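Given next are the chains, with one letter for each unit.
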Amino acid sequence: MKSMGKLSVSGNIKLHDTDAFHAMQSLRNEYARALGNIRNCIKLCRKLLKFIEKKDANDADIKELRLLKGIIRRQEANGGAMYCGLNDK
């Protein structure tokens, strides 16, 4: 993982933790569906924020953060496919 101040990049998907945090707010409904309910989502968002704030450059992401980053990447891929004229099938 590379660290640039408070911006950290992890793993193979190269998604900044701050991007994941900001997406957490806008993806909360999809994330809540993935977790089962909104209470779990709120609890997990707090856990993710706490983890991101304490995360060092060499720390691996927790599985919940990897789930969030995966959701972000799928949405980006869907947007790119739609832009290229591909349908959702």
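Everything that follows concerns the structure shown earlier in this document.
Counting starts from 1 at the beginning of each chain's written sequence and moves along it residue by residue. Only residues with pLDDT of 70 or above have their local features reported here, since the model is predicted, and side-chain atom pairs are shown and tallied only from 80 upward, although totals for entire chains, interfaces and linings are computed over all residues. Remark: hydrogens and water are excluded; side-chain values derive from all non-hydrogen atoms of the structure.

Asks: Explain the overall build of the chain to me, please; I cannot follow it from the model alone.
Replies: Strands are runs of DSSP state E lasting at least two residues, helices are runs of H or I lasting at least four, and both sets are numbered from the N terminus onward. A tally of helices and strands in the chain yields 4 helices and 3 strands. For the chain, the N- to C-terminal ordering of α and β elements is β-β-β-α-α-α-α. Burial statistics for the chain: of 89 residues in total, 29% are counted as buried. Should any heavy atoms of two residues lie within 4.5 Å, those residues are considered in contact. Long-range contacts, defined here as pairs at least 24 residues apart, represent 52% of the contacts in the chain between residues at least 6 apart. Accessible surface, the chain as shown: approximately 6,400 Å² in total, 53% of it carbon and sulfur. Exposure classes here rest on a 1.4 Å probe applied to the protein chains alone. A residue is buried below 20% of its type maximum, exposed above 50%, and partly exposed in between. Only the protein chains shown count as cover for residues, and all accessible areas are computed by the Shrake-Rupley method using a 1.4 Å probe.

Asks: I keep staring at helix α4 (residues 63-83) and nothing clicks. Help me out?
Replies: Each α-helix turn comprises 3.6 residues. Residues three or four places apart therefore point the same way. Multiplying 1.5 Å by the helix residue count minus one yields the expected span of that helix. When the terminal C-alpha atoms of α4 are compared, their 30 Å separation across 21 residues agrees well with the 30 Å that a helix rising 1.5 Å per residue should span. Among the residues making up α4, those that are buried are Glu64, Leu65, Leu68, Lys69, Gly70, Ile71 and Ile72.

Asks: Where do I start with the packing of helix α3 (residues 38-54) against α4 in this structure?
Replies: The description of two packed helices rests on the angle between their axes and on the distance between the axes. Contact geometry for α3 and α4: axes closest at 10 Å, N-to-C directions at 105°. What the angle tells us is that α3 and α4 run roughly perpendicular. Residue-level inspection shows Leu44, Lys47, Leu48, Phe51 and Ile52 of α3 in contact with α4, the latter providing Glu64, Leu65 and Leu68. As a working rule, the residues Ala, Val, Leu, Ile, Met, Phe, Trp, Tyr, Cys and Pro are called nonpolar, Asp, Glu, Lys and Arg charged, and the rest polar, with Gly in that last group. Residue classes in the contact of α3 with α4 are distributed as 6 nonpolar, no polar and 2 charged. With axes taken as lines fitted to C-alpha atoms, and helix axes fitted only over the stretch in contact, angles between N-to-C directions fall between 0 and 180 degrees. Here the word oblique covers every angle except those under 35 degrees (roughly parallel), over 145 (roughly antiparallel) and from 65 to 115 (roughly perpendicular).

Asks: Looking at this structure, how should I read the pattern of salt bridges?
Replies: Note that side chains of opposite charge can pair when their charged atoms are close. Salt bridge, as used here, is a side-chain nitrogen of Lys or Arg placed within 4 Å of a carboxyl oxygen of Asp or Glu. By the definition in use, this model includes 4 salt bridges. The residue Lys47 makes a salt bridge to Glu64 at a minimum N-O spacing of 3.0 Å. Here the residue Lys47 occupies a position in helix α3, and Glu64 occupies one in helix α4, the gap between them amounting to 17 residues. Among the ionic pairs, Arg73 bridges to Glu76, the shortest N-O distance being 2.3 Å.

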